[in-house]
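Descriptive structure summary
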Amino acid sequence: MKILLFFQNTHAVIKAEKAINSKGIEYQIMPVPTNISAECGMCIEINSADYPIAQECLEQEAITFQQILLK
Amino acid sequence: MSIQLNKYFDNACTSFPKPNEVAEYMVNHLKEGGSYGRAAYSRIINSTRIVEETRDVIGQLIGVKEVSNIAFDYNATSAINKIINGFSFKHKKVLVSPLEHNAIMRPLSALGIDIQILPHESDGFIRVDDIQPSLLRNVDMVIVNHVSNVNGVIQPVAKIKEAIKDIPILVDASQSIGKVNFLANDWNIDYAVFTGHKGLLGPTGTGGFYVKEPSSLNYTISGGTGSNSDSFQMPTFMPDKFQAGTPNITGIYGLLAAIKYKPANGWDREVFLAIIKDLFSNPNIEVQCATNSENQSDVFSAYPKNGDVSGFAHNLFTKHGIEVRSGLHCSPLAHKTLGTFPKGSVRFSLSSYHSNNDIKYLHESILNTIE
């Protein structure tokens with residue numbers, strides 16, 4: 001299963017990408033799905049198994065985010 | 001074999017040369033690059049990463065930990081206008097250094113702000129000990145040009161902020177970033193403005209500002225940011241609040257290259273200070289520089305006592321190939337302070353590409369021209 005991580009803006013996406021990448025987590029930058037948000041920017045998709053590590057590193061970097069589990 | 005001399009001494013106007021990588025990075029963006037953060041295909045993602053990497057390195061350069069509070073802009077003047085026009089001047093009164101540029105003076109004047117001058121020495125260096133509480137009454141903001149673009153005086157910004165306590169300080173770092181140490185967080189700076197094309201050796205059309213407390217400023221430009229796109233209102237978060245529209249991404253590529261590939265100084269400070277000292281002691285020339293050499297950056301001005309300013313610059317170019325600017329340098333206040341208004345001066349400014357030989361050539365050329 002996949003999890004989508006959403007951020008306030010582009011700056012936060014790139015900051016989050018750097019943090020997630022530094023932990024060796026597989027990720028993909030995706031367009032924000034229009035059925036979820038009216039944003040026109042980016043979000044990050046990760047495997048749900050990696051979420052605990054991603055959550056920890058994002059919180060350590062004080063990066064605010066929201067997540068949605070894709071079924 | 002003769003050594004090619006660098007005769008360009010107008011780096012306070014704009015830097016020359018740039019590292020070769022500046023043009024390479026910019027061409028790379030023009031050929032292959034995308035926009036900033038508006039979609040999620042790799043062309044945009046790669047360009048967005050470059051913009052954010054540049055924001056990170058600017059943060060390191062100016063001593064800012066919260067880099068999201070750095071907004072890119074098209075030059076220091078635009079950034080200053082966003083701060084001054086976005087700030088609420090309750091008493092409509094500011095204190096400024098005596099060496100301010102018109103990038104500060106004109107936006108303040110346009111708003112009808114009461115502009116008072118900070119106490120200073122004859123070279124414009126601010127006397128921090130004379131900043132008394134009575135002077136600070138009803139002052140909305142203190143504004144300081146960190147390094148003068150006329151005589152190169154470096155102002156004691158950290159001490160000034162200590163003296164003014166909670167009054168916000170706006171520091172114009174146009175002539176200092178890339179040349180003089182700047183520590184925005186450690187010095188408790190409220191607003192700092194920078195440009196990319198002078199000390200950083202980047203392209204024109206780049207610059208920006210740091211704001212410690214973004215809620216202290218209203219935005220003055222609104223538009224698309226790629227965030228909160230379902231709303232007609234501008235986002236309140238940073239840097240989006242002050243970055244409506246597509247940034248100068250090509251320029252930011254060049255700015256990153258400039259910072260990454262900037263060479264170490266090819267000249268020695270003692271050599272530079274020695275020529276200023278020698279010129280200062282010459283009875284045929286007036287020199288505008290720092291009284292205390294510790295406060296001297298790599299900019300100074302001069303003109304012959306018997307001769308006009310523009311003719312001096314013209315002769316330096318036609319006889320010796322020296323490229324310099326004459327006049328007021330958009331800083332009439334500085335020239336009034338230094339007693340050189342309205343004739344102005346000829347300004348000499350270095351970059352890291354100069355060598356000691358270049359400085360010696362400049363010295364000989366000045367002496368030869370005033371004879």
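Above this note sits the structure.
Let me sum up the structure you'll find in this document. All chains use their own residue numbering, which begins from 1 and follows the written sequence. Chains and ligands are labelled sequentially in the order written, the chains with letters from A and the ligands with numbers from 1. Totals for whole chains, interfaces and linings use all residues, but because this is a predicted model, local features are given only for residues with pLDDT of at least 70 and pairs of side-chain atoms are given and counted only at 80 or more. Side-chain metrics rest on all non-hydrogen atoms present in the structure, leaving aside hydrogens and water.

A look at the overall build of chain A
The following threshold applies: Each helix is a run of H or I in the DSSP string that is no shorter than four residues. Each strand is a run of E no shorter than two, and both are numbered from the N terminus. Exposure is judged per residue with a 1.4 Å probe applied to protein chains only, and the accessible area is read against the type maximum: over 50% gives exposed, under 20% gives buried, and values in between give partly exposed. Two residues qualify as a contact provided that any one of their heavy atoms is within 4.5 Å of a heavy atom in the partner residue. Each accessible area value is a Shrake-Rupley result obtained with a 1.4 Å probe; residue values ignore everything except the protein chains displayed when judging cover. In summary, the charge assignment counts Lys and Arg as positive and Asp and Glu as negative, without counting His or the chain termini. Here the site of a charge means NZ on Lys, CZ on Arg, CG on Asp, or CD on Glu.
Broken down by element type, chain A carries 2 helices and 4 strands. Start at the N end of chain A and walk to the C end: the helices and strands fall as β-α-β-β-α-β. The buried share of chain A, taken over its 71 residues, is 45%. The contacts in chain A between residues at least 6 apart in sequence include a share of 67% that link residues at least 24 apart. Counting only carbon and sulfur atoms, one obtains 49% of the accessible surface of chain A, whose full area is about 3900 Å². Side chains of chain A give 5 positive and 8 negative charges; the mean places of these two sets differ by 1 Å.

Focus: the interface of chain B and chain A
Often, the extent of an interface is quoted as the loss of accessible area upon association of its parts. Filter applied, for reference: Summed over both partners, the accessible surface that disappears when two parts come together, traced with a 1.4 Å probe, is what is meant by buried area. Any carboxyl oxygen of Asp or Glu that lies within 4 Å of a side-chain nitrogen of Lys or Arg is treated as forming a salt bridge with it. Between N or O atoms, a polar contact is any pair within 3.5 Å; within protein, one atom must be a potential hydrogen donor and the other a potential acceptor, and residues adjacent in sequence are included only when both atoms are from side chains.
Contact residues are listed per partner, giving 23 residues for chain B and 16 residues for chain A. For the pairing of chain B and chain A, the buried interface totals around 1500 Å² over both sides, and the portion due to carbon and sulfur atoms is 56%. Ranking the residues of chain B by area buried against chain A places Ala40, Arg49 and Phe237 of chain B at the top, with a combined share of 27%. Where chain B packs against chain A, one counts 2 salt bridges. Among the ionic pairs, arginine 49 of chain B bridges to glutamate 17 of chain A, the shortest N-O distance being 2.3 Å. Joining chain B to chain A, the criterion identifies 6 residue pairs in polar contact (both at pLDDT 80 or more).

A few points about the side chain of arginine 55 of chain B
All names here are of chain B. With respect to the secondary-structure elements, arginine 55 resides in helix H2 (residues 42-62). By relative accessible area, arginine 55 is classed as buried at 0%. Side-chain polar atoms of arginine 55 contact the backbone oxygen of isoleucine 70, separated by 2.8 Å.

Digging into the sheet that holds strand E4 (residues 141-145) of chain B
Hydrogen bonding along the main chain pairs the strands of a sheet, whether they run parallel or antiparallel. All names here are of chain B. Selection rule: Paired strands are those between which DSSP finds at least two bridges. Here, axes are lines fitted to C-alpha atoms. For helices the fit covers the stretch in contact, and angles between N-to-C directions go from 0 to 180 degrees.
What the 7 strands build is an open sheet, ordered E1-E7-E6-E5-E4-E2-E3; its pairing is mixed. The open sheet terminates on both sides in strands that have one partner only, identified here as strand E1 (70-73) and strand E3 (114-117). Between one strand axis and the next, the sheet turns through 20° on average, direction left out of account. Bridge count for strand E6 (residues 191-195) against strand E7 (residues 207-211) is 5 bridges, and the pairing is antiparallel. Residue pairing for E7: tyrosine 191 is matched across the bridge by valine 211. This element, helix H3 (residues 76-86), spans E1, E4, strand E5 (169-172), E6 and E7 of the sheet and lies at about 160° to E6.

Description of the packing of helix H7 (residues 269-280) of chain B against helix H10 (residues 356-370) of chain B
The description of two packed helices rests on the angle between their axes and on the distance between the axes. Residues and elements named next belong to chain B. The cut-off we apply is this: Note on terminology: angles under 35 degrees are roughly parallel, angles over 145 are roughly antiparallel, angles of 65 to 115 are roughly perpendicular, and the others are oblique. Gly is placed with the polar residues, together with every amino acid not listed as nonpolar (Ala, Val, Leu, Ile, Met, Phe, Trp, Tyr, Cys and Pro) or charged (Asp, Glu, Lys and Arg).
Interhelical geometry of H7 versus H10 gives an angle of 10° and a closest axis separation of 10 Å. As the angle between them shows, H7 and H10 are arranged roughly parallel. In this structure, H7 contributes Val271, Phe272, Ile275, Asp278 and Leu279 to the contact, and H10 contributes Asn356, Ile359, Lys360, Leu362, His363, Ile366 and Leu367. Here the contact of H7 with H10 is built from residues that sort into 8 nonpolar, 2 polar and 2 charged.

Topic: the pairing of E1 of chain B
Residues and elements named next belong to chain B. A two-sided burial pattern is seen for E1, the buried positions comprising Ile70 and Phe72 on one face and Ala71 and Asp73 on the other. Here E1 pairs with E7 via 4 bridges, running antiparallel. Within E7, the position partnered with phenylalanine 72 by the bridge is glycine 208.

Observations concerning the pairing of strand E3 (residues 42-47) of chain A
All names here are of chain A. Of all the 6 residues making up E3, 5 are buried; the element is thus mostly covered by neighbouring parts of the structure. The sheet contact formed by strand E1 (residues 2-7) and E3 spans 4 bridges and is antiparallel. Within E3, the residue paired with leucine 4 across the bridge is glutamate 45. Inspection of the sheet shows strand E2 (residues 27-31) paired to E3 by 5 bridges, in the antiparallel sense.

Observations concerning helix H6 (residues 249-261) of chain B
Operational definition: For a helix, the expected span equals 1.5 Å multiplied by the number of residues minus one.
The end-to-end C-alpha distance of H6 of chain B is 18 Å, a good match for the 18 Å that 13 residues give at a rise of 1.5 Å each. H6 of chain B sits mainly inside the fold: 10 of its 13 residues count as buried.

Observations concerning the environment of lysine 15 of chain A
Residues and elements named next belong to chain A. Among the secondary structure elements, lysine 15 is positioned in helix H1 (residues 10-22). Given a relative accessible area of 28%, lysine 15 falls into the partly exposed group. In this structure, the C-alpha to C-alpha distance between lysine 15 and glutamate 26, residues 11 residues apart in sequence, is 16 Å. Residues contacting lysine 15, with those up to four places away along its chain left out, are Glu61 and Ile63.

Distances and angles like these do not, on their own, reveal function.
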